[in-house]
Structure formats: structure tokens, C-alpha cells
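One letter stands for each residue in the lines below.
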Amino acid sequence: MNGRSRQGPHAGAADSAYCGRMLPIDPDATAETRALLRHLGALEGRHVLFGHQDDFAYGTQWSAEPGRSDVHDVVGVYPAVFGFDLGHIEIGADRNLDGLSFDDIRGWIRQAHGLGSVVTLSWHADDVVSGGSAWTKAETIPHLLPGGSHEQEFTTALDRVADFLSGLTDANDRPVPIVFRPYHEHTGGWFWWGKGLNTEADFIALWRHTVDHLRLRRGLHNLLYAYSPDRRGIDPDALADGYLYGYPGDEYVDILGLDDYCDLGQPGNPAPLEEQHAVLVAALTTTARLARERGKLAALTEVGTERTLPDPWTGYLLRALMANEDTRRILWTLSWRNPTGEPERAYTPQPGAPTAADFAAFAANPFVLFNDELPDLYAL
Ligand code: BMA
């Protein structure tokens, strides 16, 4: 049961700020990949898509139940964007870093695409130099680049990513368009590719090398590339400069993303809530403006709405997304995963949870699209 509006979006490509001319960085992108970017561009300023990480895989109180979704349990519809993570594909593992089998992930990607939603993949890549996790704090990048001590190992890692991505096909054997979001949150110092551990030039070189490898050497043409710095590593008084730290260039990025957990009432942030909200709005405004200046799309590629807020969805997140003309151009918002048995770490509510009614109100807002209200994002 849900009280959601059934009104579909009324956007057409001709109404888009880009008049339907927006093109992927890959001149050889598949027709469906080009269509996805164009159709997303046509929704800009009119709607925001709701996304959830690992939505089909498990929820706070279940795992491996085909067709189940915490989001669906609460609002009766699936997300418009599905995120999954490739971490551990680079070491040739059968399961990702959260224990999900890559065969299952491939199936969920097909399922999400078959429903007409957007699929985005992040990559918590291990540090192939030390064998440590993505959270290894070492200057790893120079060892991976051409001429580096682990160039060969890194080529193998990239090839394993490419092998997985090239196996993602739909029911007609066409490649599924994927928003690939590697090396996320690089403005923070917690991943081996992060700021403070490497030079900015090396981060840019890593990004470009990765895109070139997938596109030119491996011939993958079903990818849109999303760049996603984390707000925590960006000075709120110098948002644009901080955002662009490590930006690999307009030829290497399709979507300007932002990850933000720190401006949403986390216990670790001592600033009054309204101040935090203002920073969230400013960060989204900056992201969308920088995207527009470059003819790119913008998205809130990860967000952590705090469960302790009274109305985290309508009163906080949606208010920020609808705050002004710029924030309204943020194309999607993706909530992170709901680990089984850990309700305190869930980023979307359970039926009956204190914030479930607010989540349903968020879903019912005509500005917000879930799967059932999407136009055909892949129509040629
Ligand atoms: C992080 C946490 C980790 C998880 C990783 C990849 O943000 O949720 O527990 O392993 O994402 O999903």
C-alpha cells in the first residue's frame, strides 16, 4: 500500500536545458548509453530520482529473498536508481567486499535495468600493492601507473573490472548502460586513492588511465563516468575549489556527483542543524553549478540521512534538493546500504520505523521519482 501520486513526469528532451544534445565523453557510447544521458538531462530541474545501494541484495531484517527490497516494503515501489559495489572483483574473488556473489550482482543489475531503473556501480578496490583494503592509508597510486612497481598487477585488476562490466547484458544481449563511479570520496583521506596520501596529479592520472583502459584498450562503450568527491574533505568556505580538487577534466567525466554524510545531523557534527542544512544546500548548489558550466549532469551520488532527525526525508533532504534552481538540477540521490541485523546502520527505514511515514511522504512528492514513475530512460 502506498499513497503515491501516479503522475508521470512531463519532461521531454526538447524542454531540456541541453535541448537533447548532451553527449557522453565516449564518442562511441552505445545508443542506449547515449539515450540514458539524454533522458536524464530531460528530467533536470523537474525531478529527482531516488536511489538505494544493494537494494535487491538484502535489507535490515532479511537477505537473499528474490524481489524483496526494504524500499519496496515501505513505499510499495522499487528505487529509480540501483547502486552496487565491485570491491574485490579486482582480486578475482567470487564475492564482493560485503559478501555478495558477483553472479548475484550481475542478476540484480539485469533485474534493475529490466525494470527501467538506472544502475550505478562504485568500486571499493583493494590496494593491490599492499594487499590491504580500500581503506589502506598509503601512497599507492604511483605504483599502479605505467612504469610503477605494480603496473602489471593493476592492469590485471582493471581487466577484471572490464571483464565484469562487459558481461552486463540485457535480455536482448545488449550491453546495460552503467554509471561507473570509481575512486569515490577522493577528497577524504580514508581510501588509498584519497587526498593527503597521493598528489593531485597522480589522482588525475589514475582516473584518466582507468577511463582510457576501459574505453580504449578494452572497448567498453556502455559506461557513463561519475566523479564523486566527499563533502567532508571540502572546506565549506571554498566549495568550488575544494570540489574540483583532482577533477580529471571534462573529457573524462559525464556526471558531477557529491557524497555527503556530514551535513545531515550526524552526531559527529557539532554545528546547529540549520547551519548543516545550509552547507548541504550550498554544496549541492556548487555541484550543480559546476556541472552546468561544463554541460554535465549532477547527482547526490551518496547521502546518509540521519535516523535521529525528525523528518529526515521531507524536512531535511528534500528541502535541500528543492532549495533553489541549482539544487533542483541534482538528478538523483542515492542512500547507502541497509546491513542485515544492524538497524542503526540502515540508510532507509523499515515498515513501522519512526521515519517510515516521512519516507512515504518523500516518495509521494511529485518532484521525487521512484521506478514506477520513470519515463523510458533507454528509448532510442
Ligand atoms: C561502506 C560501508 C562498508 C561497506 C562499503 C562497501 O560505506 O558500508 O561497510 O563494506 O561501504 O559497500
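Scroll up for the structure.
Residues numbered from 1 in each chain as written. Predicted model: local features only at pLDDT ≥ 70, side-chain atom pairs only at ≥ 80, totals over all residues. Heavy atoms only, no water.

**Remarks on unusual backbone geometry**
Basically, it comes down to this: What counts as a helix is a DSSP run of H or I of at least four residues, what counts as a strand is a run of E of at least two, and both are numbered from the N terminus.
One non-glycine residue, aspartate 173, lies in the positive phi region at around 70 degrees. Topologically, aspartate 173 is positioned in the loop between α5 (151–166) and β6 (178–181).

**What about the pattern of salt bridges?**
What counts here: Basic side-chain nitrogens of Lys or Arg form a salt bridge, by our definition, when they fall within 4 Å of a carboxyl oxygen of Asp or Glu. A simple rule labels every residue: compare its accessible area, found with a 1.4 Å probe on the protein chains alone, to the largest value its type can have, and call it buried under 20%, exposed over 50%, or partly exposed in between.
The tally for this structure, following the rule as stated, stands at 17 salt bridges. Between aspartate 163 and arginine 218 there is a salt bridge; the shortest N-O distance is 2.7 Å. Of this pair, aspartate 163 sits in helix α5 while arginine 218 is found in the loop between α6 (200–217) and β7 (223–227), placing the two residues 55 residues apart along the sequence. Across the pair arginine 294 and aspartate 250 runs a salt bridge, and its minimum N-O distance is 3.4 Å. Of this pair, arginine 294 sits in the loop between α8 (273–293) and β9 (297–303) while aspartate 250 sits in the loop between α7 (239–243) and β8 (255–260), and the two are 44 residues apart along the sequence. A relative accessible area of 23% means that arginine 294 is categorised as partly exposed.

**What to know about the side chain of serine 69**
In plain terms, the rule: Pairs of N or O atoms are called polar contacts if they sit within 3.5 Å, as long as, within protein, a hydrogen donor faces a hydrogen acceptor (for residues adjacent in sequence, only side-chain-to-side-chain pairs). Whether two residues touch is decided by their heavy atoms; if any such pair falls within 4.5 Å, the residues are in contact.
Examined against the element boundaries, serine 69 turns out to sit in the loop between β3 (62–63) and α2 (70–75). Here valine 71 takes part through its backbone nitrogen, which lies 3.2 Å from a polar atom of the side chain of serine 69. For serine 69, the residues in contact, after removing those within four places along its chain, are Asp55, Trp62, Tyr78 and Pro79.

**Overview of the packing of aromatic side chains**
The geometry of two aromatic rings is summed up by the distance between their centres and the angle between their planes. The condition that has to hold: Classification of ring pairs rests on two measures: the distance between centres of Phe, Tyr or Trp rings, Trp counted by its six-membered ring, which must be within 6.5 Å, and the angle between planes, read as stacked under 30 degrees, edge-to-face over 60 and tilted in between.
Enumeration according to the criterion identifies 28 aromatic pairs in this entry. Relative to tryptophan 193, the ring of tryptophan 192 has its centre 5.0 Å away and its plane inclined at 85 degrees; by these criteria the two rings are edge-to-face. Of the two residues, tryptophan 192 and tryptophan 193, both sit in the buried class. Between tyrosine 227 and tyrosine 243, the ring centres sit 5.5 Å apart and the planes meet at 70 degrees, which makes this aromatic pair edge-to-face. With a gap of 16 residues between them, tyrosine 227 in strand β7 and tyrosine 243 in helix α7 connect regions that are remote in the sequence. Residue class for tyrosine 243 comes out buried when judged on its relative accessible area of 2%.

**Comments concerning the packing of α5 against α6**
Filter applied, for reference: The axes used here are C-alpha line fits, helices contributing only the stretch in contact, and every angle between their N-to-C directions lies in the interval 0 to 180 degrees. Put simply, angles under 35 degrees are roughly parallel, angles over 145 are roughly antiparallel, angles from 65 to 115 are roughly perpendicular, and the rest are oblique. Two helices that cross are described as forming a left-handed crossing if the nearer one is turned anticlockwise from the farther one by less than a right angle, and a right-handed crossing if clockwise. Classification convention: Asp, Glu, Lys, Arg as charged; Ala, Val, Leu, Ile, Met, Phe, Trp, Tyr, Cys, Pro as nonpolar; all other residues, Gly among them, as polar.
At their nearest, the axes of α5 and α6 sit 10 Å apart, and the two run at 50 degrees to each other. Taken together, the axis directions place α5 and α6 in an arrangement best described as oblique. As for the relative orientation of α5 and α6, their crossing is right-handed in sense. Residue-level contacts link Phe154, Thr155, Leu158, Asp159, Ala162 and Leu165 of α5 to Leu206, His209, Thr210, His213 and Leu214 of α6. Residues of the contact of α5 with α6, tallied by class, amount to 6 nonpolar, 4 polar and 1 charged.

**Some words on helix α10 (residues 356–364)**
To keep it simple, the criterion reads: When we speak of the arc, we mean the arc of directions from the helix axis to the C-beta atoms.
Residues of α10 that are buried include every one of Ala356, Asp358, Phe359, Phe362 and Ala363, and no others. Considered in projection along α10, the buried side chains sweep an arc of 160 degrees and stay on one side of the axis. Looking at the buried side of α10, the elements it contacts are β1 (48–53), α2, α9 (312–321), β10 (330–335) and β11 (368–369).

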